Each structure stands twice: as C-alpha cells, then as structure tokens.
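# Observations on the model geometry
Chain by chain, the residues:
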Amino acid sequence: MRRKILKLQGMTRADIQVICPYEPDEMDARNIVKLLNENDMKAAIIRDINQDHMTYLVVFQSAMDTEAKQIAIEMRKQAYIQSGQGQAKDV
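The following paragraphs examine the structure supplied in this document. Just so we're clear, the structure is a prediction, and the values are computed from it rather than from any experiment. (Residues numbered from 1 in each chain as written. Predicted model: local features only at pLDDT ≥ 70, side-chain atom pairs only at ≥ 80, totals over all residues. Heavy atoms only, no water.)

Summed over all chains, the structure comprises 5 salt bridges. Between Asp-28 and Arg-47 there is a salt bridge, with its nearest N and O atoms 2.7 Å apart. Here Asp-28, found in helix 3 (residues 24-37), pairs with Arg-47, found in the loop between helix 3 and helix 4 (53-60); they are 19 residues apart in sequence, far enough to count as distant. Judged by relative accessible area, Asp-28 falls into the partly exposed class, the value being 21%. What you see here is one network of salt bridges that share partners, running through Arg-3, Glu-26 and Arg-30. (Salt bridge = Lys/Arg side-chain N within 4 Å of Asp/Glu carboxyl O. Helix = DSSP H or I, 4+ residues; strand = E, 2+ residues; numbered from the N terminus. Buried < 20%, exposed > 50% of the residue type's maximum accessible area, 1.4 Å probe, protein only.)

The following block contains the structure:
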C-alpha cells in the first residue's frame, strides 16, 4: 500500500524501491511469477511452510493465467491455512 501511495505522489519506480524495498518473500514470489508464466509446475512447490503465504498469493495474482498459476495459488491457500497464518493473533 505504501508503494501505491508513493506512486500516486509521482515518485519514480527507482525512488520507491529505495524508500520501500521488496521483502525477501516478495522478491521470491516475483521470481516465481516468471516461472508460472511459462507454466512451470515445479514453481508451484512450496519450499518452506513458514513463508508469508499471503504475500505469495497477492503477487501470484499478477501472473498470466496458466495451469501452474492456478495450482500455485491453491497450494498457497492450503499452506496459509495449515500454517495458521490466517488465525487472529492476540494483541
């Protein structure tokens, strides 16, 4: 959301990257999108249950519509639930 606000304020992509760099999971997800676009089924494999699955779900939405994308999204949804990341946390 912060990047979107900076973009709306007229900042360049390079400046936004300096102010608000991608997190490691986001960088990984963006790299996986390139493989999903090529319908690479191996890209759908989840290597670590502790990854931020919501980040992957959001980034994967930008991939082209391929079978690999659909499988990757379904696997991330299941991992999100199984990891407990979707549960409310005590404040």
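Moving on from the coordinates now.
So, on to the packing of helix 3 against helix 4. With their axes 9 Å apart at the nearest point, helix 3 and helix 4 run at an angle of 40° to one another. Compared by their axis directions, helix 3 and helix 4 come out oblique. The chirality of how helix 3 crosses helix 4 is right-handed. Here Asp-25, Glu-26, Asp-28, Ala-29, Arg-30, Ile-32, Val-33 and Leu-36 of helix 3 come into contact with helix 4, specifically with Thr-55, Tyr-56, Val-59 and Phe-60. Here the contact of helix 3 with helix 4 is built from residues that sort into 7 nonpolar, 1 polar and 4 charged. (Axes fitted to C-alpha atoms, helices over the stretch in contact; angles between N-to-C directions. Parallel < 35°, antiparallel > 145°, perpendicular 65-115°, else oblique. Left-handed = near helix turned anticlockwise from the far one by under 90°. Contact = heavy atoms within 4.5 Å. Nonpolar A, V, L, I, M, F, W, Y, C, P; charged D, E, K, R; others polar.)

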